[in-house]
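Chain residues, written in single-letter form:
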Amino acid sequence: MPADPWLIYRWMLASRLFEQEVARLWHAGLVSGEMHLGTGEEGIDAGVVTHLGEGDAMALDHRGTPPLLMRGANPVSLLREILGREDGLCRGRGGHMHLFIPELLSASSGIVGASGPMAAGFALASQQLRPGRVAVAFFGEAAMNEGALLESLNLAVAWRLPVLFVCKDNGWSITTHSPSMTGGALLARARAFGMPAADVDGTDALAVSAMTEALLPHLRQGNGPAFLLARCVHLDGHFLGDALLEAVRRPLQVLAPMAIPLARSALSRHGARFRDRSHAVTDLLTRAGRASSAARSLPDPLDRTRRALLGDPDRLRMLEATVAAEVRAVVDVALEETP
Amino acid sequence: MPADPWLIYRWMLASRLFEQEVARLWHAGLVSGEMHLGTGEEGIDAGVVTHLGEGDAMALDHRGTPPLLMRGANPVSLLREILGREDGLCRGRGGHMHLFIPELLSASSGIVGASGPMAAGFALASQQLRPGRVAVAFFGEAAMNEGALLESLNLAVAWRLPVLFVCKDNGWSITTHSPSMTGGALLARARAFGMPAADVDGTDALAVSAMTEALLPHLRQGNGPAFLLARCVHLDGHFLGDALLEAVRRPLQVLAPMAIPLARSALSRHGARFRDRSHAVTDLLTRAGRASSAARSLPDPLDRTRRALLGDPDRLRMLEATVAAEVRAVVDVALEETP
Amino acid sequence: MSSVGFAEAIDDAIAERMAVDPAILVFGEDVQLLRRNLYARFGAERVRNAPISEAAFLGAAVGAAMAGLRPVVEIMMADFLTVAVDALVNHAAKLADFSGGSWGAPMVVRVACGGGYGDGGQHEQSLWGWLAHIPGMAVVVPSNPVDAAGLMRTALAHDGPVVFLEHKLLADNWLEALGRGGRSGLEFDVPPAGARAAHPLPANRVAFGRASVVRSGGSLTLVSLGVGVHQALEAAEALAEDGISAGVIDLRSVSPLDRGCLVEQVGQTGRVVVVDEDYLRFGLSGEIAACLLEAGLRPRFARVATEGTIPFARHLERSALPNPDRVMRACRQVLSS
Amino acid sequence: MSSVGFAEAIDDAIAERMAVDPAILVFGEDVQLLRRNLYARFGAERVRNAPISEAAFLGAAVGAAMAGLRPVVEIMMADFLTVAVDALVNHAAKLADFSGGSWGAPMVVRVACGGGYGDGGQHEQSLWGWLAHIPGMAVVVPSNPVDAAGLMRTALAHDGPVVFLEHKLLADNWLEALGRGGRSGLEFDVPPAGARAAHPLPANRVAFGRASVVRSGGSLTLVSLGVGVHQALEAAEALAEDGISAGVIDLRSVSPLDRGCLVEQVGQTGRVVVVDEDYLRFGLSGEIAACLLEAGLRPRFARVATEGTIPFARHLERSALPNPDRVMRACRQVLSS
Ligand SMILES: Cc1ncc(C[n+]2csc(CCOP(=O)(O)OP(=O)(O)O)c2C)c(N)n1
Ligand SMILES: Cc1ncc(C[n+]2csc(CCOP(=O)(O)OP(=O)(O)O)c2C)c(N)n1
Ligand SMILES: [Mg+2]
Ligand SMILES: [Mg+2]
């Protein structure tokens, strides 16, 4: 069934607004620890998740909130979990990296690469108990260097498991540019394990949706896994407070305190040749810029999908108002004290 | 420098005779535990190892004896180690799966796949301390599904490490036919990590040698790793006492005691459909046959290399007599009591 | 009299449940041959060979368990858990806590462990204390076929992850494959009462966290598990000849640990010797010491465990692992202090 | 007065040695940014970013160390060691034994550990007791910048593998990145004396296996390490107000463990409370109990450690991890028994 752009946009917007609220609450100090948002990858999440139904499973990485929302998770209990409340989804035990919804067969992990084996297991259960149902593994491009994930690609082929491996390629692993640490091309890598693989522009949710639709029958018919590579950008950087992104947004505040020890260190007696040192310093100073120019190189997936809906501005305005109101209500309810 | 077939044959023969002695001692109960021989893979080992020199390193798997002998390890202390003597190579602490020779930068491991990261580390040290020197990782085809090894392929490319990955493909992982558990083709898999890869008939030592010679300059010049896939057969099965191989050699003794419980189990109430059960039983009964016919499908690498030397039968006879005498002497000395 | 071997008892317990519970799957490297009786009966869908990808298939076992199956996943040896332990430590063991109790992973990880047949330090580790350090999973170590079957039945009804360790000196198929290899005339310290039991076995479950007092004695308590239980019994026999009455506890499960039984028995004797084939430090023997102190006991205490990497050579291996001589020495020490 | 932070002290100790020893390389995920001062000085060959392939690059560290380098390899958090621990357990830790003493792997594994900033149970584990269970590697856990620098100097001269754990509440860069994230007004229980020290730091080494008696006291001995030392000191202060004199031992190194110091101090007080942020069972606290019993002591004993998966919510996390209240309660318990 071809994707409904309205539905896709609806979920992208809901996720974006929800995560913006999460960011606000985090900045206000109401959420502890790290905070990895999925802002910027909504095109991939929505393009895939809107094809899932009863009995399909999802193995999520550290950016699990958008797929869960789009899959129909209760946003209030999700937000309460993120806030660490005992009336949250996981009674405050999990937090945003460890979200679990048995009814939706959906589980997250903060261990990079772990979604591969987890999805393989979900798919094994589908194969035995729910033929035709699939499991999706979401992960970043840098996770493609993690052994457990690589093994799971092979396992899924060997056992013909219905796993859709979805690689969200934002080009970065925290502060490391992924191509610098990755041999070959990821699409070829997936294919070499013996599964069909396709790539798609992840900022184009409708394209992701179409590609997902093209791949899923292979899985549902019991022919084994497939791989989807989708480019994206993480608009809020690796995590909130991301030093690289902050360095671009507030260069003086971030770079100045680094500068003195860095210069002192670069100029110390004993060390690499001058050329190597200056290369290192230049690299540090430009890495932030590279990260941000990469970010600017891709459109915001929301804008892009929204454009497809401009033909019906009234409906669009209505939809946006509704979603915004819903998210506001979710936040209000979530923040209420429970008796 | 093109390979000297005499040298290659010399080492293959020495290794074969040495391991035959090991087998004899093991069968006599003088060696404990498992015993994985390299008989049948000598063409690969010799074709590669004879290209190594001072400063080159080797990371070995559970079949480390042949490469070590060919690299010039002291055979007496090797044999004493295998016998578990305190005057052995590792003072009896290691045994045949854990052989270590710091002077030859050579180390084994009984953990499948571990030779990949180990060789990457050796190569990193080469890169920093001994430019131009390389590290070889030896492993079986089934190890190509182990995460650590897969990761090490990528790491070697990312860091341009001079590792020659040598995959000895005998088609079996203990009792499991490797193609049944491996997605895609291994050569494509290696290439997809971004390194040059070649395959060769591992029973043809001279071909292995030529291919190694063709690949090594890439490594020695600092361009990163390469991958060599070489087919072979393990003439003594997975390990001495290998049930599959024994089932072929002594079908009555091995299969008869299995037959009754197997039949009882296959005929029990509750279980899979008859078709699935009969498939399983047939599979078990024919697996041994498949293993052995695979074995017969490839020539013995020694015969093959020997044929190239038949032009000088006197020299050949002399060489064989010398090697045999050497190995006999090694065994005699190794078995002597030390004061 | 017909008898049942240790591994066979476990296989039979699994078959018993597989026959009635289609959610049980067995997978791991070479299981179609290793568990050929299960394979012949339940077929290739439910008894699956796996690639040498322990991290992936142990991780998949967690996912499968979460999604409605009850996998019995085999890791050939405890030593190889190191390449896959994330699936246990950060996933299986944490799931119930992380999910606020809403989700569980009912799975059994079946693993061969232990030494005594000269296979070297990467193939003979026990690691049960190491595994039990992580909260959230059960770790059981039977010492005989009856307990093995009983613990497996419990494992197959348990609602969380269970690591089921079977000692290679007890499981004849492992010892045959890895130690004997078809050779005759080799000697192994196989405890007969650990390796075989009278047929038919009792059909009951053995609860987790319930130790068994396999010998009572008033002057000293030996605490052990797996093959060590038989060494402890041997030592107790020898002590009896000197008129010393030593009791022996078979822990059977490491986690949960039967603190009550320990405290009760050691409370009576005031002297305890732990016989633990796992590494000496930061493990089971220490935990037992802490439990006793926490309970307010002040016993004489000694332990016999594995101190360093297990050496390959049989004579070195013998003295590195616990053995009856070492146990006797430790007993004399706590008796004389 | 100028001061030095915990992580900076470690970085400086590494820089000191890198300047004179070209065999030292630093690698791990994001180290070019994390250790940017080292990167700017020593360049991209010696300070290398790694792919997210912990098993490969930790394994490569072992090989590199064997072949003449002295790697300082970073694993971001102790929790992630689970995907790579084979390189330590079966390789680095066993090499010297396996090779009959002929080969060693001089390497430092630098790892952030510990909780207290609400990051959830897969990111806040300590695992030092788990690691120390494996014979053949040193495991050290400094509680302040002076010891951190001193232990790192020793680590960089050690002839085998060393796991160097730095607590995230002490290492300001980690706490900033993972806990604070540029936000102001957040509260963390950062012990000031643990996080910063007066400049310049002493230039000495701190030997492995040497605990430090950071407070002497005759009626009770608190034993801890890392952040726990500061909690123990806080408890000791509070007890002093009630006229109870509690001593505090900072273990500094878990393996080797300073048994002599433990026995001497506890021998004097007869009462011990272990404060251990790692998991409660089958770990450090048990090992301490066993050491004391083995030495013939019969102390009153209690322990404060982490019992289950560390919960995400700050208030739940606080009571799951050791904290001064829990320490005080344990002290009162051993004092009253
Ligand atoms: C096994 C493991 N190693 C390292 C980390 C730390 N870490 C968390 S996210 C991350 C980067 C992941 O990059 P990628 O897979 O591309 O996902 P992205 O964050 O870009 O979405 C790292 C290194 C971890 N959580 N788990
Ligand atoms: C991590 C790990 N898993 C499993 C094993 C058990 N094992 C030893 S050899 C082997 C098969 C290896 O097959 P392959 O890599 O093809 O090498 P071959 O034995 O055929 O030479 C297995 C499964 C092991 N030693 N280590
Ligand atoms: Mg990324
Ligand atoms: Mg093979």
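Residues numbered from 1 in each chain as written. Chains lettered and ligands numbered in written order. Predicted model: local features only at pLDDT ≥ 70, side-chain atom pairs only at ≥ 80, totals over all residues. Heavy atoms only, no water.

Peer 1: Help me out: how do you make sense of the relation of the copies chain C and chain D in this one?
Peer 2: Between the two copies of this chain, the relationship is a rotation about some axis together with a displacement along it. Aligned on chain D, chain C shows an RMSD of 0.0 Å; the corresponding rotation is 180 degrees and the shift along the axis is 0.0 Å. Within this description, the copies of the chain are treated as partners about a two-fold rotation axis. It is Gly286(C) whose C-alpha, among those of chain C, lies nearest the rotation axis, at 2.1 Å. Taken as a fraction of all interface residues of chain C, those also at the interface in chain D reach 100%, which identifies the copy contact as same-surface. (Least-squares fit on C-alpha atoms with pLDDT ≥ 70 in both. Contact = heavy atoms within 4.5 Å.)

Peer 1: Is there a simple way to think about the packing of aromatic side chains in this case?
Peer 2: Summed over all chains, the structure comprises 13 aromatic pairs over all chains. Relative to Phe27(C), the ring of Trp159(A) lies with its centre 5.1 Å away and its plane at 75 degrees, an arrangement referred to as edge-to-face. On the criterion of chain membership, the pair formed by Trp159(A) in the loop between helix H6 (147-158) and strand E5 (163-169) and Phe27(C) in strand E2 (residues 24-28) is interchain, its members lying in two chains. For Trp159(A), a relative accessible area of 6% translates into the label buried. Given the relative accessible area of 0%, Phe27(C) is considered buried. Of the aromatic side chains, those joined through ring pairs into one cluster are Phe100(A), Phe122(A), Phe98(C) and Trp103(C). Cation over ring: Arg183(C) sits above Trp26(B), and NZ or CZ is 3.6 Å from the ring centre. (Phe/Tyr/Trp six-rings, centres within 6.5 Å; stacked < 30°, edge-to-face > 60°. Helix = DSSP H or I, 4+ residues; strand = E, 2+ residues; numbered from the N terminus. Buried < 20%, exposed > 50% of the residue type's maximum accessible area, 1.4 Å probe, protein only. Lys NZ or Arg CZ within 6 Å of the ring centre and 35° of its normal.)

Peer 1: Would you take a moment to explain the domain arrangement of chain A for this structure?
Peer 2: One widely used convention gives an interface's size as the accessible area the parts lose upon coming together. Residue and element names in this part refer to chain A. As far as domains go, chain A holds domain 1 (5-233 + 312-334) and domain 2 (243-297). For domain 1 versus domain 2, the separation of C-alpha centres amounts to 33 Å. Opposite the 6 residues of domain 1 that make contact, domain 2 presents 6 residues. The contact between domain 1 and domain 2 buries some 470 Å² in all, and 65% of this surface belongs to carbon and sulfur atoms. Seen at the junction of domain 1 and domain 2, the total is 0 salt bridges. (Domains from an automatic or database assignment. Buried area = accessible area lost by both parts, 1.4 Å probe. Salt bridge = Lys/Arg side-chain N within 4 Å of Asp/Glu carboxyl O.)

Peer 1: Any chance you could explain the interface of chain C and chain D here in plain terms?
Peer 2: Contact with chain C, which involves 48 residues of that partner, is made by 48 residues of chain D. In this assembly, chain C packs against chain D so that about 4,400 Å² is buried in total across both faces, 58% of it on carbon and sulfur atoms. Counting every contact that joins chain C to chain D gives 6 salt bridges. Taken together, the links from chain C to chain D amount to 34 residue pairs in polar contact (both at pLDDT 80 or more). Among the secondary structure elements, those contributing two or more residues to the side of chain C that touches chain D are helix H5 (85-98), helix H6 (128-132), strand E12 (253-255), strand E13 (271-279), helix H12 (284-294) and strand E14 (300-306) of chain C. Counting residues per element, the side of chain C that touches chain D draws most heavily on H5(C), which supplies 9 residues. Here the side of chain C that touches chain D is built from residues that sort into 22 nonpolar, 13 polar and 13 charged. (Polar contact = N/O pair within 3.5 Å; in protein donor to acceptor, adjacent residues only side chain to side chain. Nonpolar A, V, L, I, M, F, W, Y, C, P; charged D, E, K, R; others polar.)

Peer 1: Please explain the site of ligand 2 as it appears in this structure.
Peer 2: Taken together, the neighbourhood of ligand 2 is formed by 21 residues, with His62(B), Arg63(B), Gly110(B), Trp172(B) and Glu54(C) sitting nearest. In this structure ligand 2 sits where residues from chains B and C come together. Within the side chain of Glu141(B), a nitrogen or oxygen atom sits 3.0 Å from an oxygen atom of ligand 2. Taken by itself ligand 2 offers 580 Å² of open surface, and the protein chains cover 98% of this. Of the residues contributing to the shell around ligand 2, the split by class is 9 nonpolar, 7 polar and 5 charged. (Near = heavy atom within 4 Å. Areas by Shrake-Rupley, 256 points an atom, 1.4 Å probe, with all protein chains shown as cover.)

Peer 1: Honestly, the site of ligand 1 in this entry has me stumped. Any pointers?
Peer 2: Taken together, 21 residues sit near ligand 1, with His62(A), Arg63(A), Gly110(A), Trp172(A) and Glu54(D) positioned nearest. The environment around ligand 1 is built from residues contributed by chains A and D. One of the side-chain nitrogen or oxygen atoms of Glu141(A) is found 3.0 Å away from an oxygen atom of ligand 1. Interatomic distance of 3.1 Å between a backbone N/O atom of Ala142(A) and an oxygen atom of ligand 1. Tallied by class, residues from the shell around ligand 1 come to 9 nonpolar, 7 polar and 5 charged.

Peer 1: So what exactly am I meant to see when it comes to the domain arrangement of chain C here?
Peer 2: Residues and elements named next belong to chain C. Domain annotation for chain C reports domain 1 (3-198) and domain 2 (212-336). A straight line from the C-alpha centre of domain 1 to that of domain 2 covers 25 Å. Taken residue by residue, the interface counts 35 residues in domain 1 and 23 residues in domain 2. Both faces considered, domain 1 and domain 2 share a buried interface measuring about 2,100 Å² in area, 55% of it formed by carbon and sulfur atoms.

Peer 1: Would you mind going over the coordination of the magnesium ion (ligand 4) with me for this structure?
Peer 2: Coordination angles at a metal have ideal targets, namely 109.5 degrees for four tetrahedral donors and 90 or 180 degrees for six octahedral donors. Residue and element names in this part refer to chain B. Looking at the metal site, the magnesium ion (ligand 4) is ligated by Glu141 (OE), Glu141 (OE), Asn170 (OD1) and Trp172 (O), spaced 2.0 to 2.6 Å from it. Classification of the site at the magnesium ion (ligand 4) rests on its 6 donor atoms, whose angles at the metal span 52 to 168 degrees, yielding the label irregular. In primary-sequence terms, the residues that donate to the magnesium ion (ligand 4) follow E-x28-N-x1-W. The pair formed by Asn170 and Trp172 is uniform in burial state, with each residue classed as buried. (Donors = N, O, S within 2.8 Å, 3.2 Å for Na, K, Ca; no water. Tetrahedral: all angles 85-135°; square planar, octahedral: opposite > 155°, others 65-115°.)

Peer 1: What exactly am I supposed to notice about the sheet that holds strand E1 (residues 57-60) of chain A here?
Peer 2: In any sheet, the strands associate via hydrogen bonds between backbone groups, in a parallel or an antiparallel arrangement. Residue and element names in this part refer to chain A. Spatial strand order, E2-E3-E1-E4-E5-E9-E8: 7 strands in an open sheet with mixed pairing. The outermost strands of the open sheet, each flanked by one partner alone, are strand E2 (100-101) and strand E8 (197-201). Here 5 bridges tie E8 to strand E9 (residues 226-231), and the two strands are oriented parallel to one another. Each bridged residue has a counterpart across the sheet, and for Asp199 the counterpart in E9 is Leu229. (Pairing = 2+ DSSP bridges.)

Peer 1: Sorry, what's going on with the interface of chain A and chain D here?
Peer 2: The partner chain D presents 43 residues to the 51 residues of chain A that form the contact. Connecting chain A to chain D are 0 salt bridges. Counting across the interface, chain A meets chain D through 25 residue pairs in polar contact (both at pLDDT 80 or more). Elements represented by at least two residues in the side of chain A that touches chain D include exactly helix H1 (5-27), helix H4 (75-82), helix H10 (251-266) and helix H11 (274-297) of chain A. Counting residues per element, the side of chain A that touches chain D draws most heavily on H11(A), at 8 residues. Class assignment for the residues of the side of chain A that touches chain D results in 19 nonpolar, 21 polar and 11 charged.

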